[in-house]
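Here is what each chain is made of, one letter per residue.
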Amino acid sequence: MDALLDSINVRELLSAQDLSDPTTPLSAPDLRLLIQRLDSHSLKIKSKIQSYLLSHHHDFADLFSLCNDAVSRSHALSDGVAHLLASLSDRPVEAEIGQIMKQMSSATKEAREKRELLELVRAILEISEKLKAAREAVRSGRLRFAAEQVRELKQALRVSGDDLVDEGEPVVYGLLRKEWSDCFDEIQEVLMRFMYNAVRFEGETNRIRVTYVLSIDGIELKTVLEALDVVGVLNYGIAKVADLIIKHAFSPALNFGAPVSFVTEINPDSQAMTEAILKIVPSNDPKIEKMDGEAIYSRIIVVIKFINKYICFQEGSWTRCFGRLTWPRISELIISKFLSKVVPQDASKLADFLKIINCTSEFETALREMKFISVSENKDNQLSSFAENVEVHFAFKKKTEILGRARNLLLQCDFAISQENTRRKGKHDGAAANNPEDVNLLFLSERCVVSKAAIQLMRLVHETLKDVCLSSPRVALEFYRAARDALLLYEVVIPVKLERQLDGINQAPVLMHNDCLFLSQEVLGLAFEYRSDFPTSMKEHAVFVDMAPRFHLMAEEILQRQIQLVVRSLREALDGADGFQNTHQMQQFQSAKFSIDQVVFILEKVHIIWEPLLLPSTYKKSMCTVLESVFSRITKDILLLDDMAAEETLELQRLIHLMLENLTSLLESLAALQIEKSQEGMTYLDDLIPSLRKIRKLAELLDMPLKAITNAWETGELLNSGFTSSEVEDFIKAIFQDSLLRKDCLWRIHGKF
């Protein structure tokens, strides 16, 4: 068969000699020859296949017979399966088997549930019996046994700190937990009562008594402590004892005003020791009064040894528990009452403090040996950590002193300056230059008067920063922070101190404004003055420039608050003029004149306070703002009058002249601040106070003829003075009666507009 599968090469069937080129076309004779040869080749193949089949006839017959047998067996198997299914459908055996299996499963489950229920009942009865036994043990004085039972039942009932209840557990478990809780409270109450009676302070004899036999049944203190430890409330049980000993033993030991010493007395009977006493007696030891570290620590060691031996029975876990409760407070007392007070005042005494450091280290070592404090926990090393960081504590103490000085000088300053000291330095007056409260502003070419508090505060800051330059990095950092905090104290203390003065027109707000301006300028120069001498580690981090905007903003807020207060007072005064109506009537004129007098009084008061204290530029700007509000209000009220008699216009003119005359000194002080003048020889004051030119022109208009008023409008004089066409028209209508001339003038004014 392999020969039949060989491929036929068509080229071999052709007679052409050159067929190397696949693109060569075949001729008709070649095609006919190709067909004939293909037919011949096909006949040969058929002949070979026939001869192959004949030669292997027996093999093919066996193969077909095997296939026929396989098909027959598959039909027989199919018939058998069908017969089996038919027999099963006629007899439902599987239903009977399923029913039996269900009955067996139900019976097994019921038996298991009954067995579990019996086990649960047995466990409940056992727990109930143990609870009952624990209660009886408490009543009979077998406290250790009762405590162990309570501990075991806590695990059996899965008692935890939260109140979460498993919804799937039996309800009886909740009842048992409630009963366990009552039993626990009962035994805890009994144990606490015994502890209260075991260690007591007797104030009459000034001693602490420890009693070992606590009842007629022979219950001992050690048994009570063991029960507390087993139950897991030892901390709670000895907490009151710890408070008692701290109050009556450790605190007196660190009271250097009335030094005491401790004496231990033991009163054993013939068989066993029944009590121990720690007597607290006055001491005359001069070392204690001099705060000698060795003497102080030795007294505390006596108390701790008494606790370890006679209260905790030298049981390490009990002593450690007592230490955990008391050591944080004891160490705090030692630091606050002793170590912090012996921190040296200057670096020369640091060597003497090394003795205290050694005593402190030996003291903590002794406590570790008694297991009063932990060997591994660093938090129990507060004393040695404090003593070894004496350099930092020295700096902290100095920082506290600096801040205390800053606070005191801020609180003691009265923010009041006499009139002699408020004379501003002028071209002909050099007295102010010798006034210590008249200071130069570093980055402004002006001088201002500040409070003594600001000057003394900056002097303190300069002293502190000089110490920064001469100190070690750790101390320098604390001094740097102290300097910043001292400056920030001004922002905190002074606004509260001057709270009432800030709501009135007086010197205090102005001085506070100047102080903030002065401080904002001074802090800008601190870095330039000192940074080069700072320790290297601080040069990149020590900054003061961030504080300057705070003080500058504070100064601006105080000034604006004062301006608004003055403006509000002036408005209230002008409200009494009732819009300057009917001033030709005597009563109304007197009322308007009184309002003008009030305005003049307020302005003169502000002038007297502001001019000597504020910077010239600030004074000019602030006073012009106040005057603008006054003049614009008066001008507006007069121009709103819809009808004015001839006498009324004269009285209004009189009031304006009276006001301007009384304000002559004020206006002259403002004009004197104007260095540059216009070509006409006038100052720029009218430009700073636009309503001043307008009110002066209004005074002229009040007795000016109609034509003159019209000509003044047409020439632009009134427009330059700040009048509008509607104001001029309403003013003419209010003064002059209706006539052809008035209509013509109004038409000319309207047309000009």
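Owing to the predicted nature of the structure, the values given are computational and were not obtained by experimental measurement.

Cut-offs used in this document
Residues numbered from 1 in each chain as written. Predicted model: local features only at pLDDT ≥ 70, side-chain atom pairs only at ≥ 80, totals over all residues. Heavy atoms only, no water. Helix = DSSP H or I, 4+ residues; strand = E, 2+ residues; numbered from the N terminus. Buried < 20%, exposed > 50% of the residue type's maximum accessible area, 1.4 Å probe, protein only. Contact = heavy atoms within 4.5 Å. Areas by Shrake-Rupley, 256 points an atom, 1.4 Å probe, with all protein chains shown as cover. Expected span 1.5 Å × (residues − 1). Bend = angle between axes of the 7 residues up to and from the residue. Salt bridge = Lys/Arg side-chain N within 4 Å of Asp/Glu carboxyl O. pLDDT = per-residue confidence, 0-100. Phe/Tyr/Trp six-rings, centres within 6.5 Å; stacked < 30°, edge-to-face > 60°. Lys NZ or Arg CZ within 6 Å of the ring centre and 35° of its normal. Core = buried A, V, L, I, M, F, W, Y, C linked by side-chain atoms within 4.5 Å. Pairing = 2+ DSSP bridges. Axes fitted to C-alpha atoms, helices over the stretch in contact; angles between N-to-C directions. Parallel < 35°, antiparallel > 145°, perpendicular 65-115°, else oblique. Nonpolar A, V, L, I, M, F, W, Y, C, P; charged D, E, K, R; others polar. Left-handed = near helix turned anticlockwise from the far one by under 90°. Patch = residues over 30% accessible without salt bridge, like charges linked within 9 Å, V, L, I, M, F, W, Y side chains within 5 Å.

Trainee: Outline the overall build of the protein chain, supporting the account with residue identities and numerical values.
Mentor: Within the protein chain one finds 28 helices and 6 strands. In the protein chain, which comprises 753 residues, the share counted as buried stands at 40%. Within the protein chain, residue pairs in contact and separated by at least 24 positions form 71% of the contacts whose partners lie at least 6 positions apart. Of the roughly 42800 Å² of accessible surface on the protein chain, a fraction of 54% belongs to carbon and sulfur atoms.

Trainee: Kindly report on the environment of Cys413, identifying the contributing residues and their values.
Mentor: The topology assignment puts Cys413 in the loop between helix H13 (390-412) and strand S5 (438-440). Given a relative accessible area of 10%, Cys413 falls into the buried group. Distance from Cys413 to Lys452, taken between C-alpha atoms, is 6.7 Å for residues 39 residues apart in sequence. Setting aside chain neighbours within four positions, we find Cys413 in contact with Ser451, Lys452, Ala453 and Lys497.

Trainee: Break down helix H16 (residues 507-530) for me, with residues and values.
Mentor: Counted at 1.5 Å a residue, the expected span for H16 with its 24 residues is 34 Å, and the 34 Å between its end C-alpha atoms agrees. The largest bend in H16 amounts to roughly 25 degrees and is located at Leu524.

Trainee: Give me the lowdown on the pattern of salt bridges, citing residues and values where you can.
Mentor: In total, this model carries 23 salt bridges according to the counting rule given. In this structure, Lys697 engages Glu700 in a salt bridge whose closest nitrogen and oxygen atoms are separated by 2.9 Å. Taken as a pair, Lys697 and Glu700 lie in helix H24 (residues 690-701) at a separation of 3 residues, close to a single helical turn. On the accessibility criterion, Lys697 (9% relative accessible area) is buried. You can call Glu700 partly exposed: its relative accessible area is 39%. Ionic contacts of the salt-bridge type, sharing partners, join the residues Glu202, Arg207, Arg209 and Glu275 into one network.

Trainee: Describe in detail the confidence of the model for the protein chain, supporting the description with residues and values.
Mentor: For the protein chain, per-residue confidence averages 80 on the pLDDT scale, and residues scoring 70 or more make up 80% of the total. In the predicted structure, residues 424-434 sits below a pLDDT of 50 and forms 19 contacts with residues beyond four places in sequence or in another chain. For the stretch residues 676-683, pLDDT sits under 50, and the model shows 7 contacts to residues farther than four places along the chain or on other chains.

Trainee: Any details on the packing of aromatic side chains? Residues and values, ideally.
Mentor: Describing an aromatic ring pair means giving the distance of the ring centres and the angle of the ring planes. Within this structure, the stated rule accounts for 6 aromatic pairs. Judged by centre distance (5.3 Å) and plane angle (45 degrees), the ring pair of Phe306 and Tyr310 falls under tilted. Placement of the pair is Phe306 and Tyr310 together in helix H9 (residues 293-311), with a separation of 4 residues, close to one helical turn. Taken individually, Phe306 and Tyr310 each receive the classification buried, so the pair is uniform in this respect. When the ring centre of Phe723 is taken as reference, the NZ or CZ atom of Lys694 above it lies at 5.4 Å.

Trainee: Any details on the nonpolar core? Residues and values, ideally.
Mentor: Ranked by internal contacts, the top residues of the largest apolar core, which has 124 residues, are Leu487, Tyr490, Phe580, Trp610 and Phe631. The element best represented in this core is helix H18 (residues 548-575), accounting for 13 residues. Among residues more than four places away in sequence, those in contact with Phe631 are Met659, Leu660, Leu663, Ile689, Ser691, Leu692 and Ile695.

Trainee: Break down the pairing of strand S1 (residues 199-202) for me, with residues and values.
Mentor: Across 4 bridges, the pairing between S1 and strand S2 (residues 207-211) is antiparallel. Its bridge partner lying in S2, Phe201 is registered against Ile208. What sits between S1 and S2 in their antiparallel hairpin is a turn of 4 residues, with Asn206 showing a positive phi close to 55 degrees.

Trainee: Could you give an account of the environment of Val210, naming the residues involved and the relevant values?
Mentor: Mapping Val210 onto the fold places it in strand S2. Distance in space between the C-alpha atoms of Val210 and Leu278 is 8.4 Å, their sequence separation being 68 residues. Contacts of Val210, omitting those with residues within four sequence positions, involve Ala198, Val199, Leu221, Thr274, Glu275, Ala276, Phe306, Tyr310 and Ile311.

Trainee: Go over the packing of helix H25 (residues 706-714) against helix H27 (residues 725-735) with me, naming the residues and quoting the values.
Mentor: How two helices sit against one another is set out by the angle between their axes and by the gap between those axes. Two numbers describe how H25 lies on H27: the axes approach to 12 Å, and their chain directions differ by 180 degrees. Taken as axis vectors, H25 and H27 run roughly antiparallel relative to one another. Two secondary-structure elements touch here, H25 through Leu706, Ile709 and Trp713 and H27 through Ser725, Val728, Phe731 and Ile732. A per-class count over the contact of H25 with H27 returns 6 nonpolar, 1 polar and no charged.

Trainee: Got a sec to walk through the packing of helix H21 (residues 646-662) against H24? Specific residues and values, please.
Mentor: Two elements in contact, H21 and H24, have axes whose closest approach is 9 Å; the angle formed by their N-to-C orientations is 140 degrees. Here H21 lies oblique to H24, going by the angle between them. Considering only the axes of H21 and H24, their crossing is left-handed. Residue-level contacts link Gln653, Ile656, His657, Met659 and Leu660 of H21 to Leu692, Ile695, Arg696, Leu698, Ala699 and Glu700 of H24. Residues that form the contact of H21 with H24 fall into these classes: 7 nonpolar, 2 polar and 2 charged.

Trainee: Outline a nonpolar patch on the surface, listing residues and values.
Mentor: Taken together, Ile49, Leu53, Phe60, Leu63 and Phe64 make up a surface patch of nonpolar side chains, about 460 Å² in accessible area. Counting only elements with at least two residues in the nonpolar patch, the list comes to helix H1 (28-55) and helix H2 (57-90). Broken down by element, the nonpolar patch gets its largest block of residues, 3 residues, from H2. With respect to the secondary-structure elements, Ile49 resides in helix H1. Ile49 gets classed as partly exposed once you look at its relative accessible area, which sits at 35%.

Trainee: Account for the environment of Leu658, with residues named and values stated.
Mentor: Looking at the secondary structure, you find Leu658 in helix H21. According to the relative accessible area criterion, Leu658 is partly exposed, its value standing at 24%. Along the sequence, Leu658 and Ile596 sit 62 residues apart, while their C-alpha atoms lie 8.4 Å from each other. Those residues in contact with Leu658 that lie beyond four places of it in its chain are Lys593 and Asp597.

Trainee: Account for the pairing of S2, with residues named and values stated.
Mentor: Among the 5 residues that make up S2, 4 are buried, leaving the element largely enclosed by the rest of the structure. Bridge analysis of S2 against strand S4 (residues 273-282) gives 5 bridges, and the strand direction is antiparallel. When the bridges of S4 are listed, Arg207 appears paired with Lys279.

Trainee: For unusual backbone geometry, give the residues involved together with the corresponding values.
Mentor: A positive phi angle, close to 55 degrees, is found at Phe313, a residue other than glycine. Residue position: Phe313 is located in the loop between H9 and helix H10 (316-337). In the Ramachandran plot, Lys371 falls in the positive-phi region, its phi being about 60 degrees despite a non-glycine side chain. As for its placement among the helices and strands, Lys371 is situated in the loop between helix H11 (350-369) and helix H12 (382-388).

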